[in-house]
2 protein chains.
Amino acid sequence: MQIQNYRQVSGKEEIPGVVMRVIVGPDEGAPNFVMRIFEIQPQSSTPYHSHNWEHEVFILSGKGIIRGTETERTFHEGDAIFVAPDEHHCFTNTGNSLLRLICVIPLIDKKLPTTPSAKQSQ
Amino acid sequence: MQIQNYRQVSGKEEIPGVVMRVIVGPDEGAPNFVMRIFEIQPQSSTPYHSHNWEHEVFILSGKGIIRGTETERTFHEGDAIFVAPDEHHCFTNTGNSLLRLICVIPLIDKKLPTTPSAKQSQ
């Protein structure tokens, strides 16, 4: 077994205001799926995009909205969110404190999947 | 997308002192893996067992120990734990408050895997 506190894992700020940490993944020997933590600053958002894999999300703290093609829904601590493959989505922190969430994705060919940049938009 | 707060999901107490809720799984259309929450009372434990699939765990609150074949390690809030396939394991709440953790497992043939009872022991 392997144990590490997420706060000790190096984060990557791919978008201003959004830091992602891979807390269980290929480096730990994960064979099928990857657990990540996102920390999103107030008023910051993940990209509005889609991809052909799912998200299974758990809200650790904070609150926000998730925007889809035709819907926009609020969420807060303790919510579990399923985003189906090919469903457009974007998480925005609408609160005054850090939004922290777990987001699990499948491994594809034993690697972290890469979102096609052509599908990304802010 | 689908959103539900874990507190609104029916729990199942399979072992005294241990309640499990499936918060994202086949009922939500999950194709590859299942997100569950376990709530473990002080001094209670999950079974000491093994199975041929992995666990990816995140400690939401509380503290405890995880016992393996040759190791026993402590954990607390914010820890991410990887338990490899076929690795024996058992989570015990050693604190005075509820131990809450997320545990993600793969779907096998699109179903929740069932731990072989012959491998279970308290």
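Residues numbered from 1 in each chain as written. Chains lettered and ligands numbered in written order. Predicted model: local features only at pLDDT ≥ 70, side-chain atom pairs only at ≥ 80, totals over all residues. Heavy atoms only, no water.

Asks: Would you take a moment to explain the overall build of chain A for this structure?
Replies: The helix and strand tally for chain A stands at zero helices and ten strands. Starting at the N terminus and walking to the C terminus, you meet the elements of chain A as β-β-β-β-β-β-β-β-β-β. Radius of gyration (C-alpha) of chain A: 14 Å, near the 14 Å computed for a compact globule of 122 residues. If one aligns the C-alpha atoms of chain A with their principal axes, the spans along those axes are about 40 × 30 × 25 Å. A buried classification covers 55% of the 122 residues belonging to chain A. Contacts spanning at least 24 positions in sequence make up 63% of the contacts within chain A whose residues lie at least 6 apart. Of the accessible surface of chain A, which amounts to about 5,700 Å², a share of 46% is contributed by carbon and sulfur atoms. Separation between the mean location of the 11 positive side-chain charges and that of the 14 negative ones in chain A comes to 4 Å. (Helix = DSSP H or I, 4+ residues; strand = E, 2+ residues; numbered from the N terminus. Rg over C-alpha atoms; globule rule 2.2 N^0.38 Å. Buried < 20%, exposed > 50% of the residue type's maximum accessible area, 1.4 Å probe, protein only. Contact = heavy atoms within 4.5 Å. Areas by Shrake-Rupley, 256 points an atom, 1.4 Å probe, with all protein chains shown as cover. Lys, Arg positive; Asp, Glu negative; His and termini not counted. Charge placed at Lys NZ, Arg CZ, Asp CG, Glu CD.)

Asks: It is not clear to me how the sheet that holds strand S9 (residues 90-93) of chain B should be interpreted in this structure. Could you clarify?
Replies: Neighbouring strands of a sheet are bound in pairs by backbone hydrogen bonds; such pairs are parallel or else antiparallel. Residues and elements named next belong to chain B. Overall, antiparallel pairing links the three strands, which are arranged S7-S6-S9 in an open sheet. The open sheet terminates on both sides in strands that have one partner only, identified here as strand S7 (72-76) and S9. For this sheet, the mean angle separating the axes of adjacent strands, direction not counted, is 25°. Taken together, the five bridges between strand S6 (residues 63-67) and S7 define a ladder with antiparallel strand orientation. Bridged to Arg-67 within S7 is Glu-72. (Pairing = 2+ DSSP bridges. Axes fitted to C-alpha atoms, helices over the stretch in contact; angles between N-to-C directions.)

Asks: How do you make sense of the relation of the copies chain B and chain A when you look at a structure like this?
Replies: Relating one copy of the chain to the other takes a rotation about an axis and a shift parallel to that axis. Here chain B sits on chain A after a turn of 180° about the axis and a move of 0.0 Å along it, with an RMSD of 0.0 Å. Here the transformation between the copies is reduced to the relation of a two-fold axis. Of the interface residues in chain B, 100% have counterparts in chain A that sit at the interface too, so the contact is made through matching surfaces. (Least-squares fit on C-alpha atoms with pLDDT ≥ 70 in both.)

Asks: Got a minute to help me understand the interface of chain B and chain A in this structure?
Replies: Much of the literature gives interface size as the accessible area that the parts lose upon coming together. Tallying the contact residues gives 43 residues for chain B and 43 residues for chain A. Run the count over chain B and chain A and you get two salt bridges. On inspection of chain B and its partner chain A, the count reaches 20 residue pairs in polar contact (both at pLDDT 80 or more). At the level of elements, strand S1 (2-5), strand S3 (18-24), strand S4 (33-40), strand S5 (55-61), S6, S7, strand S8 (79-83) and strand S10 (99-106) of chain B are the ones that each hand at least two residues to the side of chain B that touches chain A. Per element, the largest residue contribution to the side of chain B that touches chain A is five residues, and it comes from S10 of chain B. Here the side of chain B that touches chain A is composed, by residue class, of 23 nonpolar, ten polar and ten charged. One ladder, built from four bridges, connects strand S8 (residues 79-83) of chain A with S1 of chain B; its direction is antiparallel. (Salt bridge = Lys/Arg side-chain N within 4 Å of Asp/Glu carboxyl O. Polar contact = N/O pair within 3.5 Å; in protein donor to acceptor, adjacent residues only side chain to side chain. Nonpolar A, V, L, I, M, F, W, Y, C, P; charged D, E, K, R; others polar.)

Asks: I keep staring at the pattern of salt bridges and nothing clicks. Help me out?
Replies: Any two side chains of opposite charge can pair, on the condition that their charged atoms come close. Residue and element names in this part refer to chain B. One pass over the full model with this rule turns up six salt bridges over all chains. Its salt-bridge partner being Arg-21, residue Glu-39 comes within 2.8 Å of it at the nearest N-O pair. Of this pair, Glu-39 sits in strand S4 while Arg-21 sits in strand S3, placing them 18 residues apart in sequence. Judged on exposure class, the residue Glu-39 and its partner Arg-21 are both buried.

Asks: Sorry, what's going on with the packing of aromatic side chains here?
Replies: Any aromatic ring pair is given by two values, namely how distant the centres are and how the planes are angled relative to each other. Under the definition given, this model contains five aromatic pairs over all chains. A ring pair is formed by Phe-58 of chain A and Tyr-6 of chain B, whose centres lie 6.0 Å apart and whose planes are at 55°; its orientation type is tilted. Placement of Phe-58 of chain A in strand S5 (residues 55-61) and of Tyr-6 of chain B in the loop between S1 and strand S2 (12-15) is noted, with the two residues assigned to different chains. The same class applies to Phe-58 of chain A and to Tyr-6 of chain B, which are both buried. Taken together, a centroid distance of 5.9 Å and an interplanar angle of 65° make the contact between Phe-75 of chain A and Phe-91 of chain A edge-to-face. Here Phe-75 of chain A, found in strand S7 (residues 72-76), pairs with Phe-91 of chain A, found in strand S9 (residues 90-93); they are 16 residues apart in sequence, far enough to count as distant. Across this residue pair, the class does not change: Phe-75 of chain A and Phe-91 of chain A are buried. The ring of Tyr-48 of chain A has Arg-67 of chain A sitting right over it, with the charged end atom 4.4 Å from the ring centre. (Phe/Tyr/Trp six-rings, centres within 6.5 Å; stacked < 30°, edge-to-face > 60°. Lys NZ or Arg CZ within 6 Å of the ring centre and 35° of its normal.)

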